[in-house]
2 protein chains.
Amino acid sequence: MSTDNLHFHKHRVSRELKETRNNHKSRVIWFTGLSGSGKSTVANATEKLLHDRGLQTYILDGDNVRMGLNKDLGFSPQDRTENIRRITEVAKLFADSGSIVLTAFISPYREDRNSARQIISDKDFIEVFVSADLSVCESRDPKGLYKKARAGEIKGFTGIDAPYEEPNKPELVVETDKYDILECANQVVDYLVEKNIIK
Amino acid sequence: MSTDNLHFHKHRVSRELKETRNNHKSRVIWFTGLSGSGKSTVANATEKLLHDRGLQTYILDGDNVRMGLNKDLGFSPQDRTENIRRITEVAKLFADSGSIVLTAFISPYREDRNSARQIISDKDFIEVFVSADLSVCESRDPKGLYKKARAGEIKGFTGIDAPYEEPNKPELVVETDKYDILECANQVVDYLVEKNIIK
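Since this is a predicted model, take the numbers as computed values, not measurements.

Caption draft 1: Expanded view of the overall build of chain A. For chain A, the count of helices and strands is eight helices and five strands. Going residue by residue from the N terminus, the α and β elements of chain A occur as α-β-α-β-α-α-β-α-β-α-α-β-α. Principal-axis analysis of the C-alpha atoms gives chain A an extent of 70 × 40 × 25 Å. Relative to its full complement of 199 residues, chain A shows a buried share of 46%. In chain A, of all internal contacts separated by at least 6 residues, the share reaching a separation of at least 24 is 76%.

This is the structure we're talking about:
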């Protein structure tokens, strides 16, 4: 029995080596906007374009976070903040793994998004405001949530009886009430090319 | 303004497509064992071997989880369970992203590890018991924690005054008190090849 064999150097495979393997930089693309603005749809379309270019990508959204990691959280302001904090930390891990990770959450509070930017680092954080007029989002109402909020069946619904604080200086704004989804997704890809994040 | 442009099909890039891109299956390799058993060292050595083969990998361990995602948690039994639950959910996301993710946590409770297996799915979960005699771990004491635990300065320390429940049926046992780190890491790689997870 040897007590010395843990002296093997604990050598971490660095983020830089993973980025080199993947042939692109890793970043967090943070989509924010009202319910029905098209965050998740634009994020999925963007991921498809990036994957088709051979890049390593992942999406974090309600579909894979709310029923798993954050299933213990509700929709109170405190729980929304903790929801965003955990998503932030997970997105940071994905960026560290060499991925381009796309997050699609309403994330209505400026303070929470700024905190996400600080935790992830300004360099790695790309805030994309998915902009559409409330009336447009409400007319889309893909999950019937605005209707329920207007009827008072859902309390604290963003845009109705809870605030949405628009980003002051997002890296990018995509207007889903003016451009179609694929155009919006291409605007995101163009941004990544322009910034030399992808080739 | 169009209200119809969200009818773009929300097409997710599937895990299968990501696995195809990466040219290997994605799995969670769950290292468990006493403090000082060599979990993190074996995990890092394993990751190095996998990365050198061109695979997409990531490690979750105390270094990147305890000060980030789980910084609100302590070491009570409840907090340890929540610690493992969150790590489980994050590991599941990484597997879904096409990665081989290696987790290195003491994870002393059988129930927590079984819960991890259920959440992640039996197919995707590879439990690796990093085995070393307590006396060996204590003599290594890389962080001086056993000494503090013996002196009563740390309470609830696994192996001293808190239990470590050995796995009943781990997929693999690596004995760091009999083999050196690189041999142990190669045993993990050999297992992955044997099971056709990697080539």
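On we go from here.
Caption draft 2: Representation of helix H2 (residues 39–52) of chain B within the structure. All names here are of chain B. Look at H2: 20 Å from first C-alpha to last across 14 residues, which is about the 20 Å you get at 1.5 Å a residue. For H2, every residue scored as buried is listed here: Lys39, Ser40, Thr41, Val42, Ala43, Asn44, Ala45, Thr46, Glu47 and Leu50. Where H2 is buried, its residues contact strand S1 (27–32), strand S2 (57–61), strand S3 (100–104), strand S4 (125–131), strand S5 (172–175) and helix H8 (181–194). One or two steps after H2, the chain reaches Gly54, where phi turns positive at roughly 90 degrees.

Caption draft 3: Quick peek at the interface of chain A and chain B. With 43 residues of chain A in contact, the opposing surface of chain B contributes 43 residues. Listing elements by their share of the side of chain A that touches chain B, those giving two or more residues are helix H1 (15–22), helix H2 (39–52), strand S2 (57–61), helix H4 (77–96), helix H6 (134–140) and helix H8 (181–194) of chain A. It is H2 of chain A that contributes the most residues to the side of chain A that touches chain B, seven residues altogether.

Caption draft 4: Quick peek at the relation of the copies chain A and chain B. The two copies are related by a screw motion: chain A maps onto chain B through a turn of 180 degrees and a shift of 0.0 Å along the axis, at an RMSD of 0.0 Å. The superposition operator between the copies reduces to a two-fold rotation axis. Every residue of chain A has its C-alpha some distance from the rotation axis, and the shortest such distance is that of Val90 of chain A, at 3.6 Å. Comparing interface residues between copies, 100% of those in chain A also sit at the interface in chain B, which points to an isologous, same-surface contact.

Caption draft 5: Seen up close, the pairing of S2 of chain B. Residue and element names in this part refer to chain B. In terms of residue burial, S2 counts as a mostly covered element, since four of its five residues are buried. Pairing of S2 with S3, which is carried by five bridges, proceeds in the parallel orientation. Counted as the bridge partner of Leu60 is Thr103 from S3.

Caption draft 6: Spotlight on unusual backbone geometry. One non-glycine residue with positive phi stands out, namely Asn23 of chain A, at about 65 degrees. Structurally, the position occupied by Asn23 of chain A is in the loop between H1 and strand S1 (27–32). One non-glycine residue, Ser107 of chain B, adopts positive backbone phi at about 40 degrees. Topologically, Ser107 of chain B is positioned in the loop between S3 and helix H5 (110–120). The class of Ser107 of chain B is buried, set by 26 C-beta atoms lying within 10 Å.

Reading guide: rules and limits
- Residues numbered from 1 in each chain as written.
- Chains lettered and ligands numbered in written order.
- Predicted model: local features only at pLDDT ≥ 70, side-chain atom pairs only at ≥ 80, totals over all residues.
- Helix = DSSP H or I, 4+ residues; strand = E, 2+ residues; numbered from the N terminus.
- Buried ≥ 20, exposed ≤ 12 C-beta atoms within 10 Å, placed from the backbone.
- Contact = placed C-beta atoms within 7 Å.
- Expected span 1.5 Å × (residues − 1).
- Least-squares fit on C-alpha atoms with pLDDT ≥ 70 in both.
- Pairing = 2+ DSSP bridges.

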